[in-house]
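Descriptive structure summary
Below, each chain spelled out in residue letters.
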Amino acid sequence: MIQFERFELENGLKVLFHKDTTTPMAVVNVLYDVGARDESEEQTGFAHLFEHLMFGGSVNIPDFDSALQRAGGENNAFTSNDITNYYDVVPANNLDTALWLESDRMLSLAFTEKSLEVQRQVVVEEFKQRYLNQPYGDVWLLLRPLAYKVHPYKWATIGKEISHIENATMEDVRSFFKRFYCPSNAILCVAGNFDLDFVKQRVSYWFESIPSAKKPPRILPSEPIQNEFRELQVERSVPSDAFYYAFKMGERKSEMYYVADLLSDALGREKSSRLYLTLKKEKQLVSEITCYILGSLDEGLLVITGKLNEGVDFEKLDNELWTCLKQITNTEIDDSELDRLKIKVRTAKEFQEQGILNRAMNLCYFELLGDANGVNEEKYIYQAITSKMLRDTAKHILRKENCSLLKIKSKRDA
Amino acid sequence: MLDRTLAPDVNEIQEVKFVYPTSIELNEHVSLFWMKDVPNETSRIDFYFDAGTIRAKSLISSLTAGLIFSGTQSKDSTTFHNLLDDAGAYYDAGVSHENAVVSFYSLNDQLLSIFKIFEEAMNNVIFPQAEIDEILNERKQKFLVSLEKVGVISQREFQKLIFQNSDYARHANLEDFDRVSRAEIIDFFEQFYRNGLTKIVVVGSIESNAMEYIVNQSKKWCIQNKPKFETKFSNKPIKLNVEKQDALQSAVRIGKILFNKNHEDYISFSILNTILGDYFGSRLMKNIREDKGYTYGIGSYVSELNNTGYLIIATEVGKDFRDNTIDEVRKEIEKLQTELVEEAELDLVRNYLLGQILKSADGPYAMTDLFIGVSHYNLTLEFYNKYIQKVQTITPLEIRDLAIKHLNWDSFSIVTAG
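Residues numbered from 1 in each chain as written. Chains lettered and ligands numbered in written order. Predicted model: local features only at pLDDT ≥ 70, side-chain atom pairs only at ≥ 80, totals over all residues. Heavy atoms only, no water.

1. Focus on the packing of aromatic side chains
Counting across every chain of the model gives 56 aromatic pairs over all chains. Ring centres of Phe194(A) and Phe198(A) lie 5.7 Å apart, and the angle between their planes is 25 degrees; on these two criteria the pair is classed as stacked. Given a relative accessible area of 8%, Phe194(A) falls into the buried group. Phe198(A) sits in the partly exposed class, given a relative accessible area of 36%. The interplanar angle of 65 degrees and the centroid separation of 5.6 Å between the aromatic rings of Phe163(B) and Phe233(B) together place this pair among those described as edge-to-face. Placement of the pair is Phe163(B) in the loop between helix 5 (150–162) and helix 6 (182–192) and Phe233(B) in the loop between helix 7 (208–218) and strand 7 (239–242), with a sequence separation of 70 residues. Each of the two residues, Phe163(B) as well as Phe233(B), counts as buried. Taken together, the ring pairs in this structure connect Tyr32(A), Phe46(A), Phe50(A), Phe55(A), Phe64(A), Tyr86(A), Phe176(A), Phe177(A), Phe180(A) and Tyr181(A) into an aromatic cluster. The side chain of Arg105(A) reaches across the aromatic face of Phe64(A), ending 3.8 Å from its centre. Above the ring of Phe229(A), the side-chain terminus of Lys400(A) is found at 4.8 Å from the ring centroid. (Phe/Tyr/Trp six-rings, centres within 6.5 Å; stacked < 30°, edge-to-face > 60°. Buried < 20%, exposed > 50% of the residue type's maximum accessible area, 1.4 Å probe, protein only. Helix = DSSP H or I, 4+ residues; strand = E, 2+ residues; numbered from the N terminus. Lys NZ or Arg CZ within 6 Å of the ring centre and 35° of its normal.)

2. Structural notes on the domain arrangement of chain A
Residue and element names in this part refer to chain A. As far as domains go, chain A holds domain 1 (5–207) and domain 2 (230–413). Centre-to-centre separation of domain 1 and domain 2, based on C-alpha positions: 29 Å. Each partner contributes residues to the interface: domain 1 has 37 residues there, and domain 2 has 38 residues. Summing both partners gives a buried area of about 3100 Å² for domain 1 against domain 2, and 73% of it is carried by carbon and sulfur. (Domains from an automatic or database assignment. Contact = heavy atoms within 4.5 Å. Buried area = accessible area lost by both parts, 1.4 Å probe.)

3. What about the sheet that holds strand 11 (residues 413–417) of chain B?
Residue and element names in this part refer to chain B. Across the sheet, five strands lie side by side as 7-11-8-10-9; this open sheet has mixed pairing. Looking at the sheet topology across the chains shown, the edges are occupied by strand 7 and strand 9 (295–304). Between one strand and the next, the sheet's axes are offset by a mean angle of 15 degrees, whatever the strand orientation. Alignment of strand 7 against strand 11, held across four bridges, turns out to be parallel. Directly across from lysine 239, in strand 11, lies its bridge partner isoleucine 414. Along the sheet, helix 8 (residues 266–277) contacts strand 9 and strand 10 (309–318); its crossing angle with strand 9, the most-contacted strand, is approximately 175 degrees. (Pairing = 2+ DSSP bridges. Axes fitted to C-alpha atoms, helices over the stretch in contact; angles between N-to-C directions.)

4. Observations regarding the nonpolar core
Ranked by size, the top nonpolar core spans 149 residues in total, and within it Tyr245(A), Phe247(A), Ile304(A), Leu398(A), Ile408(A) and Phe18(B) carry the most contacts. Every residue in contact with Leu398(A), bar those within four places of it in the chain, is listed here: Phe247(A), Leu263(A), Leu267(A), Leu302(A), Trp322(A), Leu325(A), Ile328(A) and Thr329(A). (Core = buried A, V, L, I, M, F, W, Y, C linked by side-chain atoms within 4.5 Å.)

5. Comments concerning the sheet that holds strand 4 (residues 90–95) of chain B
Residue and element names in this part refer to chain B. As summarised here, the arrangement of the six strands in space is 1-2-6-3-5-4, forming an open sheet in which the pairing is mixed. Of all strands in the sheet, those bounded by a partner on one side alone are strand 1 (22–25) and strand 4. On average, each strand axis in the sheet is tilted by 15 degrees relative to the strand beside it, whichever way the strands run. In this sheet, strand 6 (residues 197–203) lies alongside strand 3 (residues 42–49) in antiparallel orientation, the contact comprising six bridges. Residue tyrosine 48 lies in a different strand from strand 6, and its bridge partner there is lysine 199. The sheet contacts of helix 7 involve strand 1, strand 2 (31–35), strand 3 and strand 6, and relative to strand 2 the element is tilted by about 160 degrees.

6. Brief notes about the pairing of strand 4 of chain B
Residues and elements named next belong to chain B. Sheet topology note: the strand 4/strand 5 (residues 100–107) ladder contains six bridges and is antiparallel. If you follow alanine 93 over to strand 5, its bridge partner there is valine 102. Linking strand 4 to strand 5, which pair antiparallel, is a turn of four residues.

7. Points about the interface of chain B and chain A
Each side of the interface is counted separately: chain B has 71 residues, and chain A has 74 residues. Taken together, both faces of the contact between chain B and chain A bury some 6200 Å²; the carbon and sulfur share is 52%. Counting across the chain B and chain A interface gives ten salt bridges. Its salt-bridge partner being Arg346(A), residue Glu41(B) comes within 3.1 Å of it at the nearest N-O pair. (Salt bridge = Lys/Arg side-chain N within 4 Å of Asp/Glu carboxyl O.)

8. Thoughts on unusual backbone geometry
Residue and element names in this part refer to chain B. Residues other than glycine seldom take positive phi values, yet asparagine 165 does so here, at roughly 65 degrees. With respect to the element layout, asparagine 165 can be found in the loop between helix 5 and helix 6. For asparagine 165, a relative accessible area of 77% corresponds to the exposed category. Even without being a glycine, asparagine 378 presents a positive backbone phi close to 60 degrees. Following the sequence through the fold, asparagine 378 ends up in the loop between helix 12 (364–375) and helix 13 (382–393). The class for asparagine 378 is exposed, based on a relative accessible area of 66%.

Rendered as C-alpha cells:
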C-alpha cells in the first residue's frame, strides 16, 4: 500500500506527496502529459528531443545538472509515446534545490543555439546506437506503421526519420514548450521523510508564481478498427529469421488491459508458459519466444516475438502458432495455471514498489490515468481475473484480422 | 520576492548509517549474510559459487549455470519451472570471470519452498543431453546476434588484450558450440557447484526455522579450500581495430589493468575517475557528448576482480568521430595530469559522491549490496567511512599526481570496432 496526499496549486499544478520515514533521500518527480503521440507527423521525435534540451539550462539557471550534483543529487528523464517524465533524487535536506530546478524549468526554458545543435547531434547518435546499428534494431520503426495506420503510435518515440530531428529549429522547439510545458499539464510528486505542511509550503514557494495556462486539448485521430491481416517481410543482415505478431488490444484504462497482460504471461513470459513449452521445447521450432504487451495509454499491442531455428520456415511456425492460440481461445485454463500467473504478478508488483523513486513515478502515472490510488487497486484487479475472462479476451484479441505480422528474413540464407 | 537566480543553500549530509547484515558461518571459508530487517514482503537469496568462466574451457561455465534446473531422474525441466513459477519466484543465474551467482526473488513466505526446489535440483540434476542441445542452440543464436554488435565485439577484444596469457582472456568462438560434452558439464557441476559454494546472501524478513533449514542444507555444498585466483597480469598495451562493414557507429574501449579496493590508491583513484568519466557531469561527458555531440554517452569505470581490477573507458560514436574521440579522451587525461582541478568542480564532485554514498546505503537491498561490495575483498564497512573522509579531504594536487601515476596514455590498450 502506497500512502499519499494530494493538493493542487492555483495555477493548476497537481501535487502528490508520499511520506517515507525510512529513507534519507528525497525524490521530486515531474510528469508532463506530453509524448510522441502529441507530435505532428511532419515533426516527429520532438517530445524526446525536447527532453534532451530540458537539461540545457532554464531561464534563471544556466546549468541544470551541476546545480543538482552540487547538492549531492542526480537526475534523469525518459520519454515514451505517451508521457515525458523527469526525476531528481537528492539527500532529503536538499529538497529545495530539486524544487528550485524543476520549477525554473517549468517556468521557461533558455537553451542556446549551440545546445540545440549539440543535442540534435546527440539524438542522431542515439538513433543510430539504438535503432540502426543493432541487429533487429529497426523492428519498431517497421512494426508501428504496419499496426497503426492513423493514430500517432505509428511512429516511434525517437522519431519517424532522422531528418525530422536534423531539421528542428529554435522556433519549433519554443512553440512545443509553450504548448505543453505548463502547470496544468504536469503532475508533481514529492517523496521523502517530510510533513505535509512543509511540502505544501516548499512546493508553493517555488511553483505557485508560475503563470497558469490552459491545459492543451488532445484531439488524436482514433485508429479505425483493424479488420484485415497485415503482413510485411523485409530482409536484413541478421543471423536468424525473426517474427513479430502484433495484436491490437484495449487501452490502458480498460479492464481488457489487465486481462491481456495476464494473457501475455500465460502465452510467453516464463519457461512454464504455453508458447515456450509447445513451440520451443516440444516442437523445437524456435530458439526463443516471448509474449508481452506494450502498456500504452491508447489502444495498445500484444506482441508475440521470437527467432526461428535453422531449417524452420515462417509458414511452419505460423501454422503451429495459430494452433496454440486456438487452444487458449477454445479452452479455459485451469485454476492451478491461473494461480501461478497471479502469484507471479503479485511478486512483481511487490518488487516494483521498492524504493521511493519507483513509488513517486507510479503515483504520478496513476494520477495521470485518473487517480493516484489506482496504484494500490491494481493488484486487486489482477487477482479478480477469471479463466473465463482470459478466454474471452483471448477470443477477442487473438484473431488473424486483428494481427499485424512483421517477418525479418536473414539475408544469409537468401 | 522570489529570486530564482539564487541557488538554495546546499546542506551537508549529516551522517550515513551503515548497517551490517547478520553473519552465519557455514564453514571456515563460507558465510551466509542475512539482512533481516525488511519492511515489506519481498525477499532475495543469492548463492555464490566458485564457478566463473576462468574455471573451465569456453562455454562450460555459462552453460552449467543455465542448466541447474534441466532435470533429475524424477522431475524434468518443465516440472521444475512450473514449481518455481507456482511459488512466484523470479530467478537468474549469471556468470562472471570469477563467480556464478544464482538468485531468487520472491515473496518472503515462499523463500523456504523455493530453497527446497533449488536443493532438489542441486542434489539430483542429471543434465539430460536433450536439454544441453536445446540450450546450445539457443545460446548459439544469441551469440551470433551479439557478434553483430560493435559494443560486444570491442568488449571481447579488449578483454582478450588486457588479460592476455591468462584464463581471464578466454572467450567463446562459434566452433566451441560443437565441442561441448555432457561429461564436462557434469564434472564442472560436481566440482564447482556441489563443492564450490562460497557465499549465500539473504535479504528478507524470514522465519528463523526456515533460515536454519537453509543453513544446514547448504553446508554440504561449501567449498573446502579457499579458492585461488591469478595475481599477475602482463598488461602490455596494444592498439587494435576490428573492421565491421556497414556499421554506422564505432565502439571504442580504452583501458588498462589497475587494482581493486585493497589497493591504497583505490579510493583516491575512484574520485579522480569520477571527475574523468563516471557521472553525467564528468569531463568526458561534457566534452564528447555535451560539447561535440559525438555520442549518446561515454563513461569511465573501474571493474574489480579478486586480485586486481581494470579501468575501461567505453563509448559508441558516429563512425566519422572515432579518431577525434580518442584524441579528445587523451587530451582530457593530459589535462588532469598537467592542470589542477578547480575548487568549484572538486566541491561539486565531493557533494555528488557523498549523495551517492547516502543513496547506496538507502534500504535493505542497497545496504546489503554495499556490504557485499567490501566484504568480498575482506574489508568492513569502515571502508566507506574512510571513503567519505577521503572525499572530504582530497586535494587538487593529490588528484593531479594520481593522474600522472596511473593514467599514462602509453600504458593504455585501445580497441575500436565498427
